[in-house]
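Take a look at the letters that make up each chain.
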Amino acid sequence: MDFALSPEHAAFRDTVRRWVDAEMPKSLARELERDEGHYPFELWDRFTDAGFHGLGIDEEYGGLGGDVLMQSIFAREVSRSLAGLLLVWMPTSFAGAKSIGSYGTPEQKRDFLPKIAAGDCRVSIGFTEPGGGTDVLGALRTFAERTEGGWIINGEKTWCTGAHVADYILLLARTDKNVEKRHHGVTLFFLPAKSRGVSTRLLPKLGMRSIGSCSVTLQDVFVPDHLVLGEPGCAWYMLLPTLNNERILVGAQCLGTIDAVLEDAVDYAKTRKAFGRPIGQFQAIQHYIADIATWQQQTELMLHYTAWLQSNNMPCGQQANMLKMMASEAVGRAADLGIQILGGMGYSAETDMQRYWRDHRILRISPISNEMVRNSIAESFGLPRSF
């Protein structure tokens, strides 16, 4: 049993950490967030210049290669500074590179993976519908109907991250209404986001403000056959690699932000004085910091274990769910204590603690609610479904 990073992974972590400190300081994240309506293209371009859009893409397609643990290391290090702004990079990684790489045809891989690796293709994801939330299949009303050479799609999606600036949307639609089970008859499309009939609307929200989350309406949108991913009607069976990868990266994002909370809290506790001494000398503050450090260690161990499972092509759905649940709750508790440690300054937009909390509150709800995760874990022990 070896909990240490390999020399290759450790060297990559150190490289990314230096790059983040030089190119993406926390002050930049605060500045970008203030302009809520402006998508941070400059962050995208910095990822492009450094080649990080190619992470996880095979070298034959112009990528950097690297397994999911390497992706997790990258997500963690970037989140230590950017927090929720990691989503400039993440959806294209799991909805684009991971999806095309996992179940794309050889032609689709040759067409799209080099573009993603080069930073020439942004991808959003369109699964959730206005009446659905976690109940993706039960609420699925978006329908794709066969036509000559492709499909005509009508419907509406919501909470599509970055759809207003995306080139493609990984879209889930029903293609057969006469099915025995609701996970049958659903199909994945790599939908050109600027197609005729596609309209997007930005949704104001609490955190991750400058990223942009969108409502997407589709009215008689034509998608050609060559942009169907996998076999029509069988999408649900293909989604596990994408969904597990997303949840692992969410865990890494949360862990990186816990790193940031601990870093900022310890620094403040050492320098802020009250009653004639540093506040870090007070037992209550020490207990808060000890709790944050413990959550950090727990999350790191679960992240590395789950990433190891996926890297070795072993089942990891339950572990990915557990990681997502545990990490999203830990980062919320950590950021809340961070605000408490900083006092009034923790509530101020001049510091990052409030940003850490706002950016991650959504992750107890998305991409799957923690209540639903708990249901899944309980059912794995043979308990009956609760819904």
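Residues numbered from 1 in each chain as written. Predicted model: local features only at pLDDT ≥ 70, side-chain atom pairs only at ≥ 80, totals over all residues. Heavy atoms only, no water.

Q: Explain the overall build of the chain to me, please; I cannot follow it from the model alone.
A: Summing up its helical and strand segments, the chain has twelve helices and ten strands in all. Relative to a compact globule of 387 residues, whose C-alpha radius of gyration would be 21 Å, the chain shows 21 Å and is just as compact. Across its three principal axes, the chain shows a C-alpha extent of roughly 80 × 50 × 45 Å. Relative to its 387 residues, the chain shows a buried fraction of 54%. Contacts spanning at least 24 positions in sequence make up 74% of the contacts within the chain whose residues lie at least 6 apart. With the model as given, the accessible surface of the chain reaches about 17,400 Å², and the carbon-plus-sulfur share is 52%. (Helix = DSSP H or I, 4+ residues; strand = E, 2+ residues; numbered from the N terminus. Rg over C-alpha atoms; globule rule 2.2 N^0.38 Å. Buried < 20%, exposed > 50% of the residue type's maximum accessible area, 1.4 Å probe, protein only. Contact = heavy atoms within 4.5 Å. Areas by Shrake-Rupley, 256 points an atom, 1.4 Å probe, with all protein chains shown as cover.)

Q: Which parts of the structure should I look at to understand the pattern of salt bridges?
A: Proximity of charged atoms lets side chains of opposite charge pair with each other. The final tally for this structure, using the stated rule, is 20 salt bridges. Close ionic contact of Lys115 with Asp111 constitutes a salt bridge, the shortest N to O distance being 3.1 Å. Within this pair, Lys115 and its partner Asp111 are both found in helix α6 (residues 106-117), separated by four residues, close to a single helical turn. Residue class for Lys115 comes out partly exposed when judged on its relative accessible area of 36%. Where Arg182 meets Asp135, a salt bridge forms, and the shortest distance between an N and an O atom there is 3.3 Å. (Salt bridge = Lys/Arg side-chain N within 4 Å of Asp/Glu carboxyl O.)

Q: I keep staring at the state of the cysteines and nothing clicks. Help me out?
A: When the sulfur atoms of two cysteines share a covalent bond, that bond is a disulfide. On inspection of all chains with the given rule, the structure shows zero disulfides. Unpaired in this structure, Cys214 has its nearest cysteine sulfur neighbour in Cys160, at a distance of 7.1 Å. What makes Cys214 buried here is its relative accessible area of 0%. Not engaged in a disulfide, the cysteine Cys316 finds its nearest cysteine sulfur in Cys254; these two sulfurs lie 17 Å apart. (Disulfide = S-S within 2.5 Å.)

Q: How should the confidence of the model for the chain be read in this particular structure?
A: A low pLDDT score tells you not to read the predicted coordinates there in detail. Taken as a whole, the chain shows an average pLDDT of 95; of its residues, 100% reach a score of 70 or greater. Within the chain, α6 carries the highest mean pLDDT (98), whereas helix α7 (residues 235-238) carries the lowest (87). (pLDDT = per-residue confidence, 0-100.)

Q: It is not clear to me how the pairing of strand β1 (residues 123-126) should be interpreted in this structure. Could you clarify?
A: A regular strand places its side chains on the two faces of the sheet in alternate fashion. Residues Val123 and Ile125 line one face of β1 and the alternating positions Ser124 and Gly126 line the opposite face, and both faces are buried. Where β1 lies against strand β4 (residues 168-174), four bridges are found, and the strand directions are parallel. If you follow Gly126 over to β4, its bridge partner there is Leu171. (Pairing = 2+ DSSP bridges.)

Q: When you look at helix α4 (residues 68-82) in this model, what are you seeing that I'm missing?
A: Within an α-helix, residues lying three or four positions from one another point in the same direction, as the helix has 3.6 residues per turn. Relative to the 21 Å expected for 15 residues at 1.5 Å per residue, α4 spans 20 Å between its end C-alpha atoms, a close match to the ideal helical length. Burial analysis of α4 places 15 of its 15 residues in the buried class, the great majority of the element. (Expected span 1.5 Å × (residues − 1).)

Q: What should I look at first to understand the packing of helix α8 (residues 240-271) against helix α11 (residues 353-361) in this one?
A: In a pair of packed helices, the angle between the axes and the distance between the axes together describe the arrangement. At a minimum axis distance of 10 Å, the contact between α8 and α11 shows a crossing angle of 160 degrees. By the angle between their directions, the pair α8 and α11 is classed as roughly antiparallel. Where α8 crosses over α11, the handedness of that crossing is left-handed. Between α8 and α11, the contacting residues are Gln253, Cys254, Thr257, Ala260, Val261, Asp264 and Ala265 on the first element and Met353, Tyr356 and His360 on the second. Within the contact of α8 with α11, the residues separate by chemical class into six nonpolar, three polar and one charged. (Axes fitted to C-alpha atoms, helices over the stretch in contact; angles between N-to-C directions. Parallel < 35°, antiparallel > 145°, perpendicular 65-115°, else oblique. Left-handed = near helix turned anticlockwise from the far one by under 90°. Nonpolar A, V, L, I, M, F, W, Y, C, P; charged D, E, K, R; others polar.)

Q: What is the right way to read the pairing of strand β5 (residues 186-192) from this model?
A: In terms of burial, β5 is largely enclosed, as six of its seven residues are buried. Of the strand pairs in this sheet, β4 and β5 are connected by seven bridges, and their pairing is antiparallel. Each residue of the ladder has a partner; that of Leu172, found in β5, is Leu188. In the sheet, β5 pairs with strand β8 (residues 228-229) via two bridges, with the strands oriented antiparallel. Paired with Leu188 across the strands is Leu229, a residue of β8.

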